[in-house]
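# Fold and geometry: a report
Each chain, letter by letter, is given below.
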Amino acid sequence: DGLRKSLLSRAGHQKILGTSLSWPVAEAEFRFRLEFALEARKPVIIRLTDSSTQTLSLLTQLLPVDLPTVLRGYRGQAEHIMPLFGLFPKLCFSFCGTVTFAKAKELHELAFDCPLDRVLLESDAPFTLCSAVGGGRDSIC
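Below you will find a few notes about this structure. Model, not experiment: these values are computed from the prediction.

### Some thoughts on the side chain of Thr69
In this fold, Thr69 is placed in strand β3 (residues 69–72). Only 2.8 Å separates the side chain of Thr69 from the backbone oxygen of Leu67, close enough to count as a polar contact. Apart from the residues lying within four places of it in its own chain, the contact partners of Thr69 are Val44, Ile46, Leu63, Lys90, Leu91 and Cys92.

### Describing the pairing of strand β2 (residues 44–48)
What you see with β2 is a clean split: Val44, Ile46 and Leu48 sit on the buried side and Ile45 and Arg47 on the side with no burial. The pairing of β2 with β3 spans four bridges and is parallel. Along β3, the bridge assignment pairs Arg47 with Arg72.

### Some words on the pattern of salt bridges
Taken as a whole and assessed by the stated rule, the structure comprises one salt bridge. Across the pair Arg72 and Glu122 runs a salt bridge whose closest N-O atoms are separated by 2.8 Å. In this pair, Arg72 sits in strand β3 while Glu122 sits in the segment after β5 (119–121), placing the two residues 50 residues apart along the sequence. Owing to a relative accessible area of 23%, Glu122 belongs among the partly exposed residues under this scheme.

### Considerations on the nonpolar core
In this structure, Leu59, Leu71, Ile81, Leu84, Phe93 and Leu110 are the most contacted members of the largest nonpolar core, which totals 26 residues. Mapped by element, the contributors of at least two residues to this core are α2 (27–40), β2, α3 (53–62), α4 (78–87), β4 (91–95) and α5 (105–113). Leaving out residues up to four positions away in the same chain, Phe93 has contacts with Leu71, Tyr74, Ile81, Phe85, Leu110, Cys114, Arg118, Val119 and Leu120.

Analysis parameters
- Residues numbered from 1 in each chain as written.
- Predicted model: local features only at pLDDT ≥ 70, side-chain atom pairs only at ≥ 80, totals over all residues.
- Heavy atoms only, no water.
- Helix = DSSP H or I, 4+ residues; strand = E, 2+ residues; numbered from the N terminus.
- Polar contact = N/O pair within 3.5 Å; in protein donor to acceptor, adjacent residues only side chain to side chain.
- Contact = heavy atoms within 4.5 Å.
- Buried < 20%, exposed > 50% of the residue type's maximum accessible area, 1.4 Å probe, protein only.
- Pairing = 2+ DSSP bridges.
- Salt bridge = Lys/Arg side-chain N within 4 Å of Asp/Glu carboxyl O.
- Core = buried A, V, L, I, M, F, W, Y, C linked by side-chain atoms within 4.5 Å.

As structure tokens, then:
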């Protein structure tokens, strides 16, 4: 309880709270982070790295419907993400440079199907570069 109070006092200075949802993740840890975001009245950014049934089930069980949320880092299939837009009206999806990779067919499909008012673009540079660059820490995409 002391940790929670300490974190809440610090959260007043942050605009968002970030968390990662990739397996193995402890459900209790993810639940704590989402509850904390709600209590702190902050939107969350979730780095969702897979489309496993277990991960998406946990997300639909624990993510509050009205919590402003950004999903990012996803490398799974569009068919798993698209239903979430209907369930969560404040959900946005963020694409990074990997969407430019020729073999990222699932991301291409998701980018085509996502509602445009829910799409964000980001850069993971210099860690993930677009396909046009092909490498180099100081390259610009």
